[in-house]
Amino acid sequence: MTNSHRTLRIASGAVRDGIVTTAALHDAGLSRGMITTRCRPGGPWQRLLPGVVMLAKGPPTRRQQLRAAVDYAGKDSVITGEDALTAHGLRLTPQQPVRLLVPTSKRLSPREFVVPERSTRLPRPIFVDELPFAPPARAAIDVARAAPDVMALRSVLAMVLNDGLCTPTELSDELDAGNQRGSAAVRAALRDSDLLAAMFLHAQANQVLNSAPLPRPRWHVTIADQKQHVLGYADAWWDEVGLAWQIERTKLAGDAPEHGHLPLTAAGVTVVRTSSEQVLGAEHDAETRGRIVRALASAFLTAARCGRRPNVQAMSEAVSNAA
C-alpha cells in the first residue's frame, strides 16, 4: 500500500474538518520525516499545534482551530468561553483564543490560538457537531470572570439571560461552585437582584417574541427627544417605526426605570404596555402569549403605516449604564 493510500485510509477515520494528529498519521504508516516534509513551507500541509496537522495550506477556519485545540489537549478537554456560547446559539463572533478546560493532571502550554485552563471541576460536555462544549452557565461565568470591565461582564450575563440559555440561579450556582479567583465583580453583579430580575424578565419577554412576526428589537433603551431630554423607557424598542414595549414591574420583577408612557405618547411614540405577570406567565400559557404577540404585531403595523417616525432617539441602554 502506498503512502497516499494510507493517507486516504486515515482520512476516512481520524481526519475531521481537515485536521489530524501526527499519532494517527504514524499509525497509517507515515514516518516522522514524511510528515515534516509535507508540513514545510511550500508543502501541502501545515502543523497547527504540537502533534496536530491540517491537511491544507492557508489560514484555518475557527472550526478547524476548535478541532485542532481539542486534538491537542485530548479527548477529556472541553471548549468554554465565547466559542461555547456561540455553539449554544448566542450570536457572537469569537475573537479571543480558544479557551479549553483540561484536567489538572495535564500541563499544556498556551499556543497561538489556544489557552488551556486546568480545572478540578470539568463540566460534562455538551456535544455540538461532534465538538465538546461547556454548558451555557459554565461558559458564561468563564467569560464574565475574564471580562475587561463591568460593562462587558454585565453584557454577557444579559445576553445569556435574554436568549434563555440559563437562569440567574444557574449562574449563581455555577459561580459558587467554581474557582473564586476573579469572581468578585461577577458576584457583585449577580447580587444586584433588581438588575438580574430585569434581565430575567427581558429574557422571558424575548422568548415571547420568538413567535412574533416582528424584527428583533433593542433592549433596555432610554428614549429622549432631539435635545436629549429623557421622555421615558422602553424594555424593547423598534427604532425603525418608533414602537416601545413597556413591561410594568411588580416586586418579583425588580424595581424598574421610569415607565411613564404619556411623554412618549405625546412625542408620537407607539407604546404597548404589558404586566410582568403576563410576560412571566406566557411561557406556559399559549393564550396569554398569543394576546401579547397580537398586540405587538398590531402596534408595529399601525406605527409603520403612520409614514413618519417620531422625532426621538434611543439615548442609552439602561442595563449597560446601571451603576
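Just above, that's the structure.
Each chain has its residues counted from 1, following the order in which its sequence is written. For this predicted model, a pLDDT threshold of at least 70 governs which residues receive local features, and a threshold of 80 or more governs which side-chain atom pairs are given and counted, while totals over whole chains, interfaces and linings are taken from all residues. To obtain the side-chain values, all non-hydrogen atoms of the structure were included, while hydrogens and water were left out.

A. Structural detail: the pairing of strand β10 (residues 230-238). Exposure classes here rest on a 1.4 Å probe applied to the protein chains alone. A residue is buried below 20% of its type maximum, exposed above 50%, and partly exposed in between. Starting at the N terminus, helices and strands are each numbered in turn, a helix being any DSSP run of H or I of at least four residues and a strand any DSSP run of E of at least two. Burial analysis of β10 places 8 of its 9 residues in the buried class, the great majority of the element. A pair of strands counts as paired when DSSP detects no fewer than two bridges linking them. In textbook terms, the turn of a hairpin is the stretch between consecutive antiparallel strands, and for strand β9 (residues 218-224) and β10 this stretch comprises 5 residues, one of which, glutamine 228, has a positive phi near 65 degrees. As judged from the 3 bridges shared by β10 and strand β11 (residues 243-248), these two strands associate in the antiparallel manner. For tryptophan 238, the partnering residue across the bridge sits in β11 and is leucine 243. Turn length for the β10-β11 hairpin, with the two strands adjacent in sequence and antiparallel, is 4 residues, and the turn residue glycine 242 shows positive phi of about 75 degrees.

B. Region of the structure containing the sheet that holds strand β2 (residues 46-49). The strand order across the open sheet built from 3 strands is β1-β3-β2, with neighbouring strands paired in antiparallel fashion. Looking at which strands have only one partner, the edges of the open sheet turn out to be β1 (19-21) and β2. The average angle at which neighbouring strand axes cross in this sheet is 40 degrees, direction not considered. Of the strand pairs in this sheet, β2 and strand β3 (residues 52-54) are connected by 3 bridges, and their pairing is antiparallel. Lines are fitted to the C-alpha atoms to define the axes, a helix being fitted only along its stretch in contact, and any angle between axes, read from their N-to-C directions, falls within 0 to 180 degrees.

C. Quick look at the packing of helix α8 (residues 168-177) against helix α9 (residues 184-191). Running from amino to carboxyl end, α8 crosses α9 at an angle of 150 degrees, the nearest separation of the two axes being 11 Å. What the angle tells us is that α8 and α9 run roughly antiparallel. In this structure, α8 meets α9 at a crossing whose hand is left-handed. Here α8 contributes Leu171, Ser172, Leu175 and Asp176 to the contact with α9, which in turn contributes Val186, Arg187 and Leu190. Under the scheme applied, nonpolar residues are Ala, Val, Leu, Ile, Met, Phe, Trp, Tyr, Cys and Pro; charged residues are Asp, Glu, Lys and Arg; polar residues are all the others, including Gly. Tallied by class, the residues present in the contact of α8 with α9 amount to 4 nonpolar, 1 polar and 2 charged. For classification purposes, angles smaller than 35 degrees are called roughly parallel, those larger than 145 roughly antiparallel, those between 65 and 115 roughly perpendicular, and all remaining angles oblique. When the near helix sits turned anticlockwise from the far one by under a right angle, the crossing is termed left-handed; a clockwise turn instead gives a right-handed crossing. We call two residues contacting when some pair of their heavy atoms lies within 4.5 Å.

D. Geometry of helix α4 (residues 62-73). If you check α4, its first and last C-alpha atoms are 16 Å apart, about what 12 residues at 1.5 Å a residue would give, namely 16 Å. For α4, the buried fraction is high: 10 of the 12 residues fall into the buried class. Restricting attention to buried positions, one finds in α4 the residues Gln64, Gln65, Leu66, Arg67, Ala68, Ala69, Val70, Asp71, Tyr72 and Ala73. Positive phi shows up at glycine 74, right after α4, with a value of about 105 degrees. Multiplying 1.5 Å by the residue count of a helix minus one yields the expected span of that helix.

E. Summary view of the nonpolar core. Core analysis: the biggest nonpolar cluster contains 43 residues, and Leu49, Ile79, Leu85, Leu100, Leu157, Val160 and Leu171 have the highest contact counts within it. Excluding residues within four positions of it along the chain, isoleucine 79 makes contact with Leu66, Val70, Ala84, Val98, Arg99, Leu100, Leu131, Pro132, Phe133 and Ala134. The term nonpolar core refers to a set of buried residues drawn from Ala, Val, Leu, Ile, Met, Phe, Trp, Tyr and Cys, joined through side-chain atoms within 4.5 Å. Counting 22 residues, the second largest nonpolar core, distinct from the first, contains Ala205, Ala236, Trp245 and Val279.

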